Structures are given as C-alpha cells and as structure tokens.
Amino acid sequence: QTTAQTDTTNRPASWIGSLLKPLAFLARPAMVVTGAYALLAVAMTWPLTLGLTRDIPWDLGDPLLNCWILGWDLNRLARLFSGDLAAWHGFWDANIFFPEPLTLAYSEHLMAQAIQVFPVYLLTGNLILCYNLLFLSTFVLSGLGAYLLVLDLTGNRPAAFVAGLLYGFAPYRVEQLSHLQVLSSQWMPFVLLGLRRYLHTKRVWPLLGAVVALVLQNLSCGYFLLYFAPFVVAYVLHGMWQRGLLADARTWASLAGAGLAVLLLTQPFLLPYHAVN
C-alpha cells in the first residue's frame, strides 16, 4: 500500500519531467543558435538596426501598406485589451476607400504579426519599431524552427544549424523583403516539429503546439495558408504510415480534433475574403 501511494504521488512529477526532457536537451544550444541567427539577420539587413524606430527596409511601397495594416490591427487589439469588447465590430471595414465595406480584406490582414508584436506596441506605441522587429524576427524564427526540426530528425547539431541557415536566409527571401507576409514563413517548421513529436510520443502538448503554429501561419500569409496545407496532410499521412498508425483510431481522432480546431480558428479570417471576392 505504501509503495502504491508513493508511485501515485510521483507520477505527475515523472510525467512533467518526461515532457520537459526534450526541451531541456534543446534549450541551451537553441539559445546560442538563436543568437547566431539574430546576429546574422542584423548583419544581412545592416544598417537597419541603427534606425529601428524611424527607418523602413527596402522601399516605401508595400512596407508602408503593411505598416498601416499593422497599425489598424494593433489599434483594435489595444481597444480589446482595455476592455472595449466592441472593437472587433467593424474590424474588416478599415479606414480606406470609404464607404466600401470589408476593405481590410483587399490585402493581407496580418493579425498573427500584430499579436506577435502587440506587447512592444503597448510599451512604445512606435509602429515603425514594431514593423522592423517583425521583419527581423522572420529570419531568426525561420532559422530556429528549421534548426529544431532537423535536430529532432537527425540529432546532428551542425546539420541542423546549416538547415536553419538555408531556410531562414535563403536567397529567395531577398526578393520578398518588401512583403512581410511572404517573409513570415517561420511557423511552418514548428508545425512539422509538433506533428512529428506527437506521432513519436502520442503526447497532447506537441499536437497543441502544432495547432497553434499552424493557426499562426494561416493568419500570417494567405498564400502559405493555401500552399502549406497539402504538405501538412502529406507529412502527417507519411508519419502515420512510417509508424504503422494508419489503422489507429485514437491517432485519427486526435488529428481530426486538431484539424477541426485549426479550421475553427482560421475560418473567421477567411469569410471576409470570400465576401469581397
């Protein structure tokens, strides 16, 4: 009886320890890698960091359009944060092309980016600073996500670091420096990492992480919402086939629930585009 009681008492600690063990394995090297990618992003975009609060990278076309969209989003988020629950009403009827409705849906809504940088906006109110931090973060987070995914796949840190360089700093991205939404591909590797960890461990937290990352990716760029979805499905099916899980009802149920959650969280941001079309 005493042994059984001890086992029951220790079980939560054991469960938490096993959950955090992979994170402890990755934490310190990942911080070093993140710092390296951050320094590389600063060097690649130099001298942007000298004018983070006043300068805009690349040109004064789409970057300023995206600043305006971010400003609209952040203003609405700030109103919600202050208790104005009516701030969501009229969110899509942006202050442009009056009296046309749903004018925010003429372009990307950038809500994921606005959520990401919202604390900075509350502290500073500087929209240019918010844009530039988002701009730089796309390189750093893209590199980190690819690093963590390849490290989980191979266990080889140098290979993972090179993978992060290839994904986060690909020459293709240079041609898109004026398009924050296209640069915002950083959540894709986190989606795949979460799905891989779920299929490997059957634990719910990696699956929840994949759901959050996929929703963030969907809300970051409409192009990637369409392009990435088929690869997510293919990746999951391939992973289930590898592990002999194609006939496992519990796995199917969990993944179906995750897919439904992604759909429900993404759909409100798709309907206005359908109405405009």
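Within each chain, residue numbers correspond to sequence positions counted from 1 in written order. Local features in this predicted model are restricted to residues of pLDDT 70 or higher, and side-chain atom pairs are both shown and tallied only at a pLDDT of 80 or more, whereas totals for entire chains, interfaces and linings draw on every residue. Each side-chain value is worked out from all heavy atoms of the structure, with water and hydrogens disregarded.

Enquirer: Would you mind going over unusual backbone geometry in detail, with residue names and values included?
Expert: A cis amide bond links W46 to the next residue, P47, at an omega of 10°. Secondary structure elements follow DSSP: runs of H or I of four or more residues count as helices, runs of E of two or more count as strands, with numbering from the N terminus. Counting through the fold element by element, P47 comes out in the loop between α1 (2-44) and α2 (62-81). In this structure, P99 follows F98 across a cis peptide bond, with omega equal to 5°. Relative to the assigned elements, P99 resides in the loop between α2 and α3 (111-124). If you check the backbone angles, W58 has positive phi at about 80° while not being a glycine. Along the chain, W58 turns up in the loop between α1 and α2. If you check the backbone angles, F97 has positive phi at about 60° while not being a glycine. With respect to the secondary-structure elements, F97 resides in the loop between α2 and α3.

Enquirer: Explain the nonpolar core to me, using residue names and the numbers behind them.
Expert: Core analysis: the biggest nonpolar cluster contains 73 residues, and L70, L74, F135, Y147 and L195 have the highest contact counts within it. What makes two residues a contact is simply this: any of their non-hydrogen atoms within 4.5 Å. Sequence-distant contacts of L74, defined by excluding residues within four places in its chain, comprise A114, V117, F118, Y121 and L127. Joining through side-chain atoms within 4.5 Å is the link that ties buried Ala, Val, Leu, Ile, Met, Phe, Trp, Tyr and Cys residues into a set, and such a set is a nonpolar core. Buried residues are those whose accessible area, probed at 1.4 Å on protein chains only, stays under 20% of the maximum for their type, while exposed residues exceed 50% and partly exposed ones sit between those limits.

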